[in-house]
Each structure stands twice: as C-alpha cells, then as structure tokens.
Amino acid sequence: WGRETLEEEHRFLFDLCEAEIPVCVPLRFEGESVRESEDFFYAVWPRTGGRSPDEYRDDEVGTLGRLLARVHNVGAAREAPHRDRLDAATAGLQPLAELEAGPLPAHLVGRFRSAVERASAIYAEQLADVPLHRIHGDCHAGNLLRGDAGWFLLDFDDFVVGPAVQDVWMLFPGRDAEGARQRALA
C-alpha cells in the first residue's frame, strides 16, 4: 500500500471511532498515524483483546446488523479515491486478465473467460443503482471480536469502496436456510 491508501484506512477508522463505533484505531505520533522509515511505512496499534465468535445468537445477529449499518453510514460520508472499488471490473475482469496471463491452463481459457464475462455483466447490471461507499470489505468472523466492552471490528486493511451488502455476506456467509435467515435478521 502507498501512504495515501494507508492514510485513507486510518481516516476511516478515526471517522468510525469519532462516531463511537467500536474499532481498533492506530496510535498517533506527532499528529500522524502512518510513519515512514527507509521507504517502509508502518503504524503502531494498541493491543486488543477479545474472542472471535463461533456462531451468533439471534439477538447478536441483530446487534451486528445495526453495527454494520452504522459503519456504512459513516462510510458514506467521505470519499476514498485511493482505495480499490468493488465493481465488475475489479472483481471479475481484472482478475481474469491476471489468471489468463499466468496459472490458468490454456485449454480452459475460453470457457473460463466466457463464464467470468457473463458473471461480470450480471454483477454490473445488479450493481447499477446500488450506492458504493467505504465498507469494511473483509468483514468475516475473524475480524470481529467480542471482549468485556462488547463487539468491535478490526483489520480494515482490505477496506474498499463497494456495496454495503458485501459486509453482510462476509459476516453471515451461509448458503443454506440458516445463512439466509441470519442475513434477513441483520
């Protein structure tokens, strides 16, 4: 990541913290949270404790859904021009080009390209009227801890500009009836 990208991550975290959303934020030194030493960027974070959940009770699903809604409301308040966008090009077509140039076997390229292009077109169509804004982007149970003070989110290094539903899908990923029920509760 470049300095601008790292600073956008930290700005998002500070925005969330200011809105009293429980996140782990980097420490500031002389007003900066991103430092540089010999062309190497770094940040210092406080030690954070808690446990990742194995599963969620229904009341926790509702609480987490409201927490994500608050994150997304804060995320929509500011642009992030240096962060990746989660759209049809970045989620489908760009990775396709990388796979075609490398590990994808030649005899699969045509079929794979056709499938990715169809899926990307469907995704672009479905995304046409959906607002994109700052989201966690990697909001799975391992990036959510419950400690003495309650729930908090961490590890925003993969935050993207994308549809809010991405975080819901990541946190409640089941493809079965239980996953659908949890997403409806969230």
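Residues numbered from 1 in each chain as written. Predicted model: local features only at pLDDT ≥ 70, side-chain atom pairs only at ≥ 80, totals over all residues. Heavy atoms only, no water.

A. Spotlight on a nonpolar patch on the surface. Residues Leu27, Phe29, Phe40, Tyr42 and Val44 make up a contiguous nonpolar surface patch of roughly 430 Å² in combined accessible area. Tracing the chain through its elements places Phe29 in the loop between helix H1 (3-18) and strand E1 (35-37). (Patch = residues over 30% accessible without salt bridge, like charges linked within 9 Å, V, L, I, M, F, W, Y side chains within 5 Å. Areas by Shrake-Rupley, 256 points an atom, 1.4 Å probe, with all protein chains shown as cover. Salt bridge = Lys/Arg side-chain N within 4 Å of Asp/Glu carboxyl O. Helix = DSSP H or I, 4+ residues; strand = E, 2+ residues; numbered from the N terminus.)

B. Seen up close, the pairing of strand E4 (residues 144-147). Pairing geometry for E4 and strand E5 (residues 150-153), over four bridges, is antiparallel. Paired with Leu144 across the strands is Leu153, a residue of E5. Connecting E4 to the next strand, E5, in antiparallel fashion are two residues. (Pairing = 2+ DSSP bridges.)

C. Representation of the pattern of salt bridges. The tally for this structure, following the rule as stated, stands at 11 salt bridges. A salt bridge links Glu7 to Arg3, with the shortest nitrogen-to-oxygen separation between them at 3.3 Å. With Glu7 and Arg3 both in helix H1, this residue pair falls four residues apart, about one helical turn. For Arg3, a relative accessible area of 22% puts it in the partly exposed group. In this structure, the salt-bridge partner of Asp58 is Arg181, at a minimum N-O distance of 2.8 Å. Here Arg181 lies in helix H6 (residues 177-185) and Asp58 lies in helix H2 (residues 58-75), a separation of 123 residues in the sequence. Among the residues examined, Asp58 registers a relative accessible area of 40% and is labelled partly exposed. Arg181 sits in the partly exposed class, given a relative accessible area of 34%. Residues joined by salt bridges that share partners form a network here, namely Arg57, Asp59, Glu60 and Arg146. (Buried < 20%, exposed > 50% of the residue type's maximum accessible area, 1.4 Å probe, protein only.)

D. Just the packing of aromatic side chains, in detail. One pass over the full model with this rule turns up four aromatic pairs. Measuring from ring centre to ring centre gives 5.6 Å for Phe12 and Phe156, while their planes differ by 85°; the resulting arrangement is edge-to-face. Pair noted here: Phe12 is in helix H1 and Phe156 is in the loop between E5 and strand E6 (160-162), with a separation of 144 residues, a long-range link. Taking relative accessible area as the criterion, Phe156 reaches 1% and is therefore assigned buried. Between Tyr56 and Phe172, the ring centres sit 5.3 Å apart and the planes meet at 70°, which makes this aromatic pair edge-to-face. Here the residue Tyr56 occupies a position in the loop between strand E2 (40-42) and H2, and Phe172 occupies one in the loop between helix H5 (165-171) and H6, the gap between them amounting to 116 residues. (Phe/Tyr/Trp six-rings, centres within 6.5 Å; stacked < 30°, edge-to-face > 60°.)

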